[in-house]
Amino acid sequence: MGFISFLRDDRVIGVGLGLGTVGFLLAMRSILEYYRDEAEVKPTPPKTQYITQETEDSLGLATLESLISHYNFAIRDTALKIIAGRAVNDSSAVYHLLWGITRIDYEERMENLRALAFAVEDRDLFHEQLSSLNTPKAYSALVRSLELCLDDAEHEKLDDPLYDEYYLRDIGERRCLVLVSQMVHRFGVDKFIEAGFVERWLAKQPWGVDDEERQKNFTMYIERRKNRISDICFHLKTCKAGRRALYNAKLVPRKRSRREKVDQIQVVLEISMTNEDDLEGLSGTAEHVPRVNDQTAEEQRLRRRHREAMVLNDGTHSLGRSDIIEREHDANS
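Residues numbered from 1 in each chain as written. Predicted model: local features only at pLDDT ≥ 70, side-chain atom pairs only at ≥ 80, totals over all residues. Heavy atoms only, no water.

1. Comments concerning the overall build of the protein chain
Here's step 1: Across its full length, the protein chain carries 18 helices and two strands.
Here's step 2: Carbon and sulfur atoms form 54% of the exposed surface of the protein chain, whose accessible area is close to 23900 Å². (Helix = DSSP H or I, 4+ residues; strand = E, 2+ residues; numbered from the N terminus. Areas by Shrake-Rupley, 256 points an atom, 1.4 Å probe, with all protein chains shown as cover.)

This is how it looks when you write it as structure tokens:
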């Protein structure tokens with residue numbers, strides 16, 4: 001009877017109704033959320049599609065021409081890469097571009113330079129793209145194009161150690177230097193030396209009037225600049241053929257042989273400061289006579305002790321005898 005009376009209590013009935021109401025609401029919320037998520041229409045993600053080599057080869061010229069004019073940038077970029085890849089792998093197309101960069105007409109030369117630079121700038125196939133330019137015709141064409149760039153703009157003398165003029169050069173000249181730098185890092189500098197890079201372009205830069213000024217400015221340029229030109233010149237100086245070409249162009253002095261360096265060794269006269277009379281007796285025309293080492297070890301030790309001194313001068317007056325403080329020594333030492 002006690003339990004029945006407990007259930008009949010109004011407080012227990014109120015608590016039970018409250019808990020039932022909260023549970024019912026939570027259950028309804030969960031059911032509604034479940035049906036809402038199930039009824040949602042989710043967009044289907046686009047399927048990634050890759051262009052295979054067979055697909056590229058099957059595209060005709062008319063199709064590629066229409067893709068280049070497409071409004072989508074990604075499609076235009078892909079079409080341009082396909083055309084550039086075909087051009088690099090076609091020897092006749094490469095020869096036509098190399099022939100174009102050697103034309104005197106500025107606009108025609110720039111068009112071919114832009115096309116050639118775009119064709120070899122693919123980072124995925126970087127080394128393979130440059131392999132098509134590893135021919136004597138390509139080296140000669142690049143050097144000829146650089147030689148034509150000398151007349152496109154006026155160049156100032158390269159004698160300012162704080163001013164880097166590279167980024168103010170003509171865009172065509174910089175495009176050629178980019179290709180030259182990439183090929184130097186990939187294949188070396190020897191073939192550019194054979195093509196006359198130093199004589200036909202580097203030596204014609206405004207380094208100076210006489211040989212001494214040219215060599216001074218050229219050395220300063222390599223040490224102070226960090227650009228394509230200084231990088232190419234550094235590779236030129238690392239090989240024997242490059243150093244010979246630079247010497248023939250009067251850009252570096254002749255390297256002295258070891259025998260010449262030995263012959264130029266001079267004997268330095270040592271001044272002993274034992275007393276004041278010896279200082280006064282020295283003249284400016286003293287002969288550099290090598291001293292004969294006929295003293296004993298004890299005499300040499302005493303002689304070195306006699307020469308030890310300190311010079312104290314604050315810079316307000318010229319150096320004199322009063323500024324020299326010799327080390328005191330007794331007769332027994």
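2. Remarks on the packing of aromatic side chains
Here's step 1: All told, the structure shown has seven aromatic pairs when counted by the stated rule.
Here's step 2: Aromatic pair Y34 and Y35: ring centres 5.6 Å apart, planes at 80°, arrangement edge-to-face. Here the two residues Y34 and Y35 agree in accessibility, since each one is exposed.
Here's step 3: Taken together, a centroid distance of 6.3 Å and an interplanar angle of 70° make the contact between F192 and F197 edge-to-face. Taken as a pair, F192 and F197 share a single burial class, namely buried.
Here's step 4: Counting every residue linked through ring pairs, the aromatic cluster contains Y139, F192, F197 and W201.
Here's step 5: Lying over the aromatic face of Y247, K250 brings its terminal NZ or CZ to 5.8 Å of the ring centre. (Phe/Tyr/Trp six-rings, centres within 6.5 Å; stacked < 30°, edge-to-face > 60°. Buried < 20%, exposed > 50% of the residue type's maximum accessible area, 1.4 Å probe, protein only. Lys NZ or Arg CZ within 6 Å of the ring centre and 35° of its normal.)

3. Observations regarding the side chain of R109
Here's step 1: Along the chain, R109 falls in helix α7 (residues 106-119).
Here's step 2: Since its relative accessible area comes to 1%, R109 is described here as buried.
Here's step 3: Looking at R109, its side chain comes within polar contact range of the main-chain oxygen of I104, at 3.5 Å.
Here's step 4: Residues contacting R109, with those up to four places away along its chain left out, are G100, I101, R103, I104, S145, L148, C149 and D152. (Polar contact = N/O pair within 3.5 Å; in protein donor to acceptor, adjacent residues only side chain to side chain. Contact = heavy atoms within 4.5 Å.)

4. With respect to the confidence of the model for the protein chain
Here's step 1: Residues of the protein chain with pLDDT of at least 70 account for 76%, and the chain-wide mean is 78.
Here's step 2: When pLDDT is averaged over each helix and strand of the protein chain, the minimum, 43, is found for helix α17 (residues 276-281) and the maximum, 93, for helix α12 (residues 197-200).
Here's step 3: Contacts from residues 260-292, a stretch scored under 50 in pLDDT, to residues over four places away or in other chains number 27 contacts. (pLDDT = per-residue confidence, 0-100.)

5. A word on the side chain of S230
Here's step 1: Along the chain, S230 falls in helix α14 (residues 228-237).
Here's step 2: Within the structure, the side chain of S230 is placed 3.3 Å from the backbone oxygen of R225, a separation counted as a polar contact.
Here's step 3: Leaving out residues up to four positions away in the same chain, S230 has contacts with Y221, I222 and R225.

6. Observations concerning the pattern of salt bridges
Here's step 1: Per the stated rule, a full pass over the model turns up ten salt bridges.
Here's step 2: One salt bridge connects E33 with R29, and the closest N-O pair in it is separated by 3.3 Å. Remark: R29 and E33 occur in helix α2 (residues 10-39); sequence separation between them is four residues, near one turn of the helix.
Here's step 3: In this structure, E147 engages R200 in a salt bridge whose closest nitrogen and oxygen atoms are separated by 3.0 Å. With E147 in helix α9 (residues 136-149) and R200 in helix α12, the pair connects residues that are 53 residues apart, well separated along the chain.
Here's step 4: The exposure class assigned to E147 is buried, which follows from its relative accessible area of 17%.
Here's step 5: Salt bridges sharing partners connect three or more residues here, namely R144, E147, R200 and K204. (Salt bridge = Lys/Arg side-chain N within 4 Å of Asp/Glu carboxyl O.)

7. Some details on the packing of helix α6 (residues 91-100) against α7
Here's step 1: Where α6 meets α7, the closest approach of the two axes is 8 Å, and the angle between their N-to-C directions is 140°. Between α6 and α7, the crossing angle belongs to the class labelled oblique. Crossing handedness for the pair α6 and α7: left-handed. On α7, the residues touching H96, L97, L98, W99 and G100 of α6 are E108, R109, N112, A115 and L116.
Here's step 2: Grouping the amino acids of the contact of α6 with α7 by side-chain chemistry returns five nonpolar, three polar and two charged. (Axes fitted to C-alpha atoms, helices over the stretch in contact; angles between N-to-C directions. Parallel < 35°, antiparallel > 145°, perpendicular 65-115°, else oblique. Left-handed = near helix turned anticlockwise from the far one by under 90°. Nonpolar A, V, L, I, M, F, W, Y, C, P; charged D, E, K, R; others polar.)

8. A few points about the packing of α9 against helix α10 (residues 171-187)
Here's step 1: At their nearest, the axes of α9 and α10 sit 9 Å apart, and the two run at 150° to each other. Accordingly, the angle class assigned to the pair α9 and α10 is roughly antiparallel. In terms of crossing hand, the pair formed by α9 and α10 is left-handed. Residue-level contacts link Y139, L142, S145, L146 and C149 of α9 to G172, E173, C176, L177, L179, V180, M183 and F187 of α10.
Here's step 2: Residue composition of the contact of α9 with α10, grouped by class: ten nonpolar, two polar and one charged.

9. Re the environment of T78
Here's step 1: Following the sequence through the fold, T78 ends up in helix α5 (residues 73-89).
Here's step 2: Judged by relative accessible area, T78 falls into the partly exposed class, the value being 32%.
Here's step 3: Along the sequence, T78 and L64 sit 14 residues apart, while their C-alpha atoms lie 9.7 Å from each other.

10. Here's the deal with helix α13 (residues 211-224)
Since the α-helix advances by 3.6 residues per turn, residues separated by three or four positions end up pointing in the same direction.
Here's step 1: Compared with the 20 Å implied by 1.5 Å per residue over 14 residues, the 20 Å span of α13 between its first and last C-alpha is a close match.
Here's step 2: Check the buried side of α13 and you find it contacts α14 and α15 (240-248). (Expected span 1.5 Å × (residues − 1).)

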